[in-house]
Amino acid sequence: MAMVTALPSSPPSPSRFVVGVKAWPRIHNRPLCLRPVCRFRVASWIEEVQEGCQQVSSSLDGLPTFMRTLRRSPAARQFLSAVIIAAFLAWSWAPVGSLLYLAMKPEDWWQGAELSAASFQHLEKLQGEMGGSQTAYVLSFFLGKLPWPGPSISEIQALAPALFGNVFAGSMFAALFDTAAAIPFFYTGRILCDDFRRRHFAKKRIFSRQTLGSQDESPWAFIYAAQRLAEEEGLRLALLLRLLSVGWVDALLCLAMGSLGMSPQQFALGHLIASWRSSIEYACLGATLADHGGAQAELLILLQLLLAIASGAVVTACAAKISDQLLNRAAARYASSWPSVEAVEVERSLPQVALEALEEPPRDPCLIRGYEVPFPLASLDDLQSPRYPCPHHPVLMMYSPSGVFSSYPVDREVIQHGDGLRFADGSEERPAHVHRMETFQDAVAHMKEEHPCDIQFSLGQAPTKYFRQGFPEIQRNDMLQKIGLKPTDFSDFSTYCSDRHLLTNFHFDQHPGCLQMCSGRKQVLLVHPRFSNYMRSFVEERRSWITSEIQAVTVPHWNIILNPGDCLFIPAGFWHQVKSLDSPTLGTVLRYK
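Residues numbered from 1 in each chain as written. Predicted model: local features only at pLDDT ≥ 70, side-chain atom pairs only at ≥ 80, totals over all residues. Heavy atoms only, no water.

As recorded in an unreviewed UniProt entry, the chain goes by the name VTT domain-containing protein, listed as coming from Cladocopium goreaui.

Encoded structure:
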């Protein structure tokens, strides 16, 4: 078993959040805490929506251009999804405001109830017309879904306590009868589209259009997307549509859901849950009107308020899930071929910025002109030169069995029990390397391989090594002044040395920084923060699921080769992967506060 620990001089644990590119002026020289993290994430989302709005507005000259923008721009899909969610949110949360007012003035609720169509006198008359027959009550649900005059579904649900004895039983039966009345419309839609050729007509039109290269069949792309959505998200879709509709509108939507091929079980369950929400509200309304009790009215208003809030939350969540899938599928199907794959843009050059511009960090990646290290660092021998400014400070040494390095707090213990690397705290995350603090002389000797390293992952195979030395404050400030930078703007100045093929997998940093080359070459891949939803892993938000070089980056990115003398500026929030092309590679790292 190998166990590696760290000395107390460890960098702070990285916060796990995404910082927008334009958010830097707001976070400069500000301590990080939970509230700023949330604020920056919201600011980043707002920035992405604004960018999507600009892209959508610039692509309204034709449907092909619009669909191409949707397919290639996550910001455009984010904007349209936000518009759809906002519409659902306004519709579903509108009753909350009026209910809050009625909660403060219950007497206004009574006046409105007595004047409404669901008044006590009207319910009494409706119950007399049914003659107390439960069969007539069940039939009234079916008739309430047809587009002709008659009692509404809400009025029928309000009668449930009088017919079934209490509110709970009445609301349950009312929800069951409402769903039972919707099922014939659902199966009518399935029967109309039950023929295999007709059910997959939209799908066939999509493939025939793609074969012919035509671009005039966009409605079929949306129909096919709706079909797949109904098949895969039937429960959410049925729940959403029933919460937003009633009466004959609900009947039409049931017909549509059946024609799209939704699962009957998912349809029935989603419709039943949504129907019970309205049934319990109107059943309580009917019981309150029958008893005419002030205290019951206040409880009813509270119940209506809670149900309205719960419904608004469910509608918003379902709309967020469904809208994104619908836009993705429709945009993907509106393409000249299937699968819808387009080559992403890869930039291989960056603009150059003078060293003086680092006083105000740039918002985009760039190469820095005029950055010169004030001591030689062309080879490992220069680390032992009398001119090296920090020969007595400890060094962070990292060892990897595969050449892939990750990033996590130095004080986290890593162990190996012969079944792979693990964190000693039992985390599900898997470390890519082990690390420890070493004396400067031992670290240089390990990099130069002057004596064998005591860390081996496989017998007879030397690990890939990475040397990183952060300068103490006095030496750091001295080096920054000699370079021509303000020491008060920076929190870290480090030298590094790495073996060939060392790969630091994709991650982003919460502070801007510079990567400077003194010897050897490095390849750096950069991805814009707007693609964070694609890049981030499920284990840790700050790191990517792309953990090795063979996993391709299928979003637009920069592919930059750094040669000796080059200095790359990486803004906060930009994902980056760094690979050493030579052995050894030496240089410096600069990090802002």
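Visitor: How should I be thinking about the overall build of the chain in this particular structure?
Guide: Within the chain, the secondary structure is distributed over 20 helices and 18 strands. By residue count, 50% of the 593 residues in the chain fall in the buried class. The contacts of the chain with a sequence gap of at least 6 include a subset with a gap of at least 24, amounting to 78%. With an accessible surface of roughly 28200 Å², the chain has 59% of that area assigned to carbon and sulfur atoms. (Helix = DSSP H or I, 4+ residues; strand = E, 2+ residues; numbered from the N terminus. Buried < 20%, exposed > 50% of the residue type's maximum accessible area, 1.4 Å probe, protein only. Contact = heavy atoms within 4.5 Å. Areas by Shrake-Rupley, 256 points an atom, 1.4 Å probe, with all protein chains shown as cover.)

Visitor: In this structure, what is going on with the sheet that holds strand β6 (residues 404-405)? I would like to understand it.
Guide: The strands making up a sheet are joined through hydrogen bonds of the backbone, oriented either antiparallel or parallel. Read across the sheet, 6 strands follow the order β2-β15-β14-β17-β12-β6 without closing on themselves; strand pairing throughout is mixed. Looking at the sheet topology across the chains shown, the edges are occupied by β2 (346-347) and β6. As paired elements, β6 and strand β12 (residues 503-507) share 2 bridges and run parallel to each other. Note that in β12 the partner of Val404 across the bridge is Leu503. (Pairing = 2+ DSSP bridges.)

Visitor: I'm lost on the packing of helix α10 (residues 167-192) against helix α15 (residues 248-259) in this one. Help?
Guide: When two helices pack together, their arrangement is captured by the angle between the axes and the distance separating the axes. Where α10 contacts α15, the two axes come as close as 6 Å, and the packing angle between them is 40 degrees. Relative to α15, the element α10 is oriented oblique. For the pair α10 and α15, the sense of crossing is right-handed. Across from Ala182, Phe185, Phe186, Thr188, Gly189 and Arg190 in α10, the residues of α15 making contact are Asp250, Ala251, Cys254, Leu255, Met257, Gly258 and Ser259. Of the residues contributing to the contact of α10 with α15, the split by class is 7 nonpolar, 4 polar and 2 charged. (Axes fitted to C-alpha atoms, helices over the stretch in contact; angles between N-to-C directions. Parallel < 35°, antiparallel > 145°, perpendicular 65-115°, else oblique. Left-handed = near helix turned anticlockwise from the far one by under 90°. Nonpolar A, V, L, I, M, F, W, Y, C, P; charged D, E, K, R; others polar.)

Visitor: Would you mind showing me how to read the pattern of salt bridges here?
Guide: Close approach of charged atoms allows side chains with opposite charge to pair. Applying the stated rule across the entire model yields 17 salt bridges. Measuring nitrogen to oxygen at the nearest pair gives 3.0 Å for the salt bridge that ties Asp178 to Lys145. Of the two residues, Asp178 sits in helix α10 while Lys145 sits in the loop between α7 (134-144) and α8 (153-158), which places them 33 residues apart along the sequence. Asp178 gets classed as buried once you look at its relative accessible area, which sits at 0%. Look at Lys145 and you get buried, because its relative accessible area is 1%. In this structure, Arg228 engages Glu231 in a salt bridge whose closest nitrogen and oxygen atoms are separated by 3.9 Å. Of this pair, Arg228 and Glu231 both sit in helix α13 (residues 218-232), 3 residues apart, roughly one helical turn. (Salt bridge = Lys/Arg side-chain N within 4 Å of Asp/Glu carboxyl O.)

Visitor: How should the environment of Leu355 be read in this particular structure?
Guide: Among the secondary structure elements, Leu355 is positioned in the loop between β3 (352-354) and β4 (366-369). Using a relative accessible area of 7% as the deciding quantity, one classes Leu355 as buried. Each C-alpha atom of the pair Leu355 and Arg369 lies 5.6 Å from the other, and the pair is 14 residues apart in sequence.

Visitor: I'm lost on the environment of Tyr466 in this one. Help?
Guide: By the secondary structure assignment, Tyr466 is in strand β10 (residues 464-470). On a C-alpha basis, the gap between Tyr466 and His446 in space is 9.9 Å, while along the polypeptide they are 20 residues apart. Beyond its immediate sequence surroundings of up to four residues, Tyr466 is in contact with Leu396, Met397, Met398, Phe405, Met447, Tyr496, Cys497, Ser498 and Leu502.

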